[in-house]
Amino acid sequence: MQFGYVIVHVQDVAQTVDFYEKVFGLTRSLFTQAYAELATGGITLVFSSAQLENSEVPDGFIGYTKNSLALPAPGIHLSFLTPEVETSYQAAISAGATPLKAPQIKPWGQTIAFIRDLNGVVVTLASPPS
């Protein structure tokens, strides 16, 4: 067995994909208004409309229709490795992300920053482990 996808349920797939392409340099490998796949160099990152996912899982999901910066972060956390944490952090904020923690060098040597994306999802930006 192989892990294949991380799927994040969002209200606006196109807006979310545009943000992740602009800020993180990801490339869409499949795109519709309701479902999109982004190549990450590893696991495929998928953004799916809340309406599509609700049609697939009859009982729905807790909270996914309410992803919002006005509410606590949803129960998912995305992490990206980059040697340019500060640059990526500033680009994310300029593109509409909400800053949570500015880049800091941790005791083990990694630089790590936290933002919330346009949907309120927490995103970690981290330098590669040394």
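Description of the structure in this document. Counting from 1, residues in each chain are numbered in the order their sequence is written. Thresholds applied to this predicted model are a pLDDT of at least 70 for local features of residues and 80 or more for the giving and counting of side-chain atom pairs; totals over whole chains, interfaces and linings are not thresholded and use all residues. The side-chain quantities take in all heavy atoms of the structure and omit both hydrogens and water.

1. With respect to the side chain of Ser88
Only DSSP runs of H or I reaching four residues or more are called helices, and only runs of E reaching two or more are called strands; each is numbered from the N terminus. Mapped onto the elements, Ser88 comes out in helix α3 (residues 85-94). In this structure Ser88 comes out as buried when scored by relative accessible area, which is 12%. In this description, contact between two residues means that some pair of their heavy atoms is separated by no more than 4.5 Å. Sequence-distant contacts of Ser88, defined by excluding residues within four places in its chain, comprise Val23, Thr82 and Leu125. Relative accessibility under 20% of the residue-type maximum defines a buried residue, over 50% an exposed one, and the middle range a partly exposed one, all with a 1.4 Å probe and only protein chains included.

2. Focus: helix α1 (residues 13-24)
A helix is expected to span 1.5 Å for every residue after the first. The end-to-end C-alpha distance of α1, which contains 12 residues, comes to 16 Å, matching closely the 16 Å that a straight helix rising 1.5 Å per residue would cover. Looking at the residues trailing α1, positive phi occurs at Gly25, about 70 degrees.

3. Topic: the pairing of strand β3 (residues 35-39)
Of the pairings in the sheet, the one linking strand β2 (residues 27-31) to β3 comprises four bridges and is antiparallel in character. Within β3, the residue paired with Phe31 across the bridge is Ala36. When DSSP locates at least two bridges between a pair of strands, those strands are taken to pair. Here β2 folds back onto β3, and the loop between the two strands holds three residues. Strand direction decides the pairing type here: β3 and strand β4 (residues 44-49), joined by four bridges, are antiparallel. Its bridge partner being in β4, Ala36 is matched across the sheet by Phe47. Between β3 and β4, which pair antiparallel in sequence order, lie four residues; one of them, Gly41, sits at a positive phi of approximately 90 degrees.

4. Brief notes about the sheet that holds β3
Spatial strand order, β1-β4-β3-β2: four strands in an open sheet with mixed pairing. With partners counted over all chains shown, the strands left at the sheet margins are β1 (5-10) and β2, one partner each. Between one strand and the next, the sheet's axes are offset by a mean angle of 25 degrees, whatever the strand orientation. In this structure, β1 lies alongside β4, joined through six bridges in parallel fashion. Residue pairing in the sheet places Tyr5 in a bridge with Thr44 of β4. Between the N-to-C directions of two axes lies an angle of 0 to 180 degrees, each axis being a line fitted to C-alpha atoms and, for a helix, fitted only over the stretch in contact.

5. Observations concerning the sheet that holds strand β8 (residues 122-126)
Pairing is mixed in the open sheet, where four strands are placed in the order β5-β8-β7-β6. Every interior strand has two partners, whereas the edge strands, β5 (77-81) and β6 (98-105), have only one. Here the strands of the sheet are splayed against their neighbours by 15 degrees on average, with no regard to which way each runs. Where β5 meets β8, five bridges bridge the pair, whose relative direction is parallel. Residue Leu78 lies in a different strand from β8, and its bridge partner there is Val123.

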